Amino acid sequence: MKLIFLGPPGAGKGTLATRGVEICKVPHISTGAIFRSAIATLSPLGYKVKAIIEEGKLVDDETTILLVKERLDQQDTQAGYILDGFPRTISQAEALAGFSAVDKVVNFDIPDAAVLERLSGRRVCRKCGMNFHITFNKPKQEQVCDACGGELFIREDDQEGAIRKRLEVYREQTLPLIEYYRNQGLLVDIDAQGLIDTVVANFKKALGIS
Ligand code: AP5
Ligand code: MG
Ligand code: ZN
């Protein structure tokens, strides 16, 4: 199944994608995670996007589209994928339609207040990128990743100013994608509030997975 996860920052896209990988047996492709790993390894791409990401702005369409196109050219995506955080602009969606046909677009429905609560307590593994939350999704051992033992840190763009910017950018540039995909009959809304297991159940029900 070829899926797009569409939703505001902090909606739980990455968290549900981790579960979706097991459920759908497809790879999870997060443009944000690819950019963060480029920054961590000090690659040329990392240098190019570091300041943009830390301020909560969008990386340019050309760079992002090329990155996804190259990733979707790889064999492991032939049977399907979960695209998390791409497309984020109409131009990106139009470009994607030119190289891959998605089956469904999962739209995370969640109020701003819940998003702020989730982002303010998020901790991320420096090694594998897994998401935790100091209240809702605690690691077994404080500051340590359950999956790989890596150190947990606070993302640069989870500072208050960058969160505000990301929400503004989402409303201006990404929100129009909801109508864009609804008009194509591809959109599936899921209630993204509630416990992680509840959101997983909502996701499975919306896609008709038993
Ligand atoms: P990206 O990494 O995609 O960030 P984002 O869209 O802002 O989304 P987040 O990763 O912040 O949130 P999420 O929805 O994954 O939530 P999570 O599962 O972590 O992008 C980062 C940046 O990269 C962008 O700002 C931009 O600069 C650039 N970029 C990326 N893609 C781009 C593109 N296509 N074009 C241009 N630029 C691009 O959950 C959040 C927290 O809540 C966690 O702590 C989690 O543990 C907790 N949580 C999750 N689910 C639940 C639940 N059900 N109940 C309680 N807590 C929960
Ligand atoms: Mg994420
Ligand atoms: Zn880890």
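What counts as what
Residues numbered from 1 in each chain as written. Chains lettered and ligands numbered in written order. Predicted model: local features only at pLDDT ≥ 70, side-chain atom pairs only at ≥ 80, totals over all residues. Heavy atoms only, no water. Donors = N, O, S within 2.8 Å, 3.2 Å for Na, K, Ca; no water. Tetrahedral: all angles 85-135°; square planar, octahedral: opposite > 155°, others 65-115°. Helix = DSSP H or I, 4+ residues; strand = E, 2+ residues; numbered from the N terminus. Buried < 20%, exposed > 50% of the residue type's maximum accessible area, 1.4 Å probe, protein only. Pairing = 2+ DSSP bridges. Axes fitted to C-alpha atoms, helices over the stretch in contact; angles between N-to-C directions. Contact = heavy atoms within 4.5 Å. Salt bridge = Lys/Arg side-chain N within 4 Å of Asp/Glu carboxyl O.

Undergrad: I keep staring at the coordination of the zinc ion (ligand 3) and nothing clicks. Help me out?
TA: Here the zinc ion (ligand 3) is held by Cys125 (SG), Cys128 (SG), Cys145 (SG) and Cys148 (SG), and the distances to it run 2.3 Å. Considering all four donor atoms around the zinc ion (ligand 3), the spread of angles at the metal, 97 to 116 degrees, places the coordination shape in the tetrahedral class. Going along the chain, you hit the donors of the zinc ion (ligand 3) in the pattern C-x2-C-x16-C-x2-C. Linking Cys128 in the loop between β5 (122-125) and β6 (131-133) with Cys148 in the loop between β6 and β7 (152-153), this pair joins segments that are 20 residues apart in sequence. The exposure class of Cys148 is partly exposed, given its relative accessible area of 29%.

Undergrad: Would you explain the pairing of strand β3 (residues 81-84) in this entry?
TA: Along a regular strand, successive side chains alternate from one face of the sheet to the other. Across the two faces of β3 the burial is the same, with Tyr81 and Leu83 and Ile82 and Asp84 all buried. The sheet contact formed by strand β1 (residues 2-6) and β3 spans four bridges and is parallel. Residue Lys2 lies in a different strand from β3, and its bridge partner there is Tyr81.

Undergrad: How do you make sense of the sheet that holds β1 when you look at a structure like this?
TA: The strands that make up a sheet are held in pairs by hydrogen bonds between backbone atoms, and each pair lies either parallel or antiparallel. With parallel pairing, the five strands of this open sheet are ordered in space as β2-β3-β1-β4-β8. The open sheet has two edge strands with one neighbour each: β2 (28-30) and β8 (187-191). Within the sheet, the average angular offset between the axes of one strand and its neighbour, ignoring direction, is 25 degrees. Sheet topology places β1 next to strand β4 (residues 104-109); four bridges connect them, and they run parallel. Each bridged residue has a counterpart across the sheet, and for Ile4 the counterpart in β4 is Val105. Contacts between helix α2 (residues 31-40) and the sheet are confined to β2 and β3, with β2 contributing the most and set at about 65 degrees to the helix. Across the sheet, helix α9 (residues 196-207) is in contact with β1, β4 and β8; its angle to β8 comes to roughly 155 degrees.

Undergrad: Explanation requested: the pattern of salt bridges in the structure shown.
TA: Pairs may arise between side chains of opposite charge once their charged atoms sit close together. Inspection of every chain in the model, using the stated rule, returns 15 salt bridges. The residue Glu55 makes a salt bridge to Lys57 at a minimum N-O spacing of 2.7 Å. A salt bridge links Arg166 to Asp158; the shortest N-O distance between them is 3.0 Å. Comparing Arg166 with Asp158, the two get one shared label, buried.

Undergrad: Mind showing me how you'd approach the sheet that holds β7 here?
TA: Overall, antiparallel pairing links the three strands, which are arranged β6-β5-β7 in an open sheet. Two strands in the sheet have a free side with no partner beyond their single neighbour: β6 and β7. Sheet topology note: the β5/β6 ladder contains three bridges and is antiparallel. Bridging from a neighbouring strand, Arg123 pairs with Phe132 of β6.

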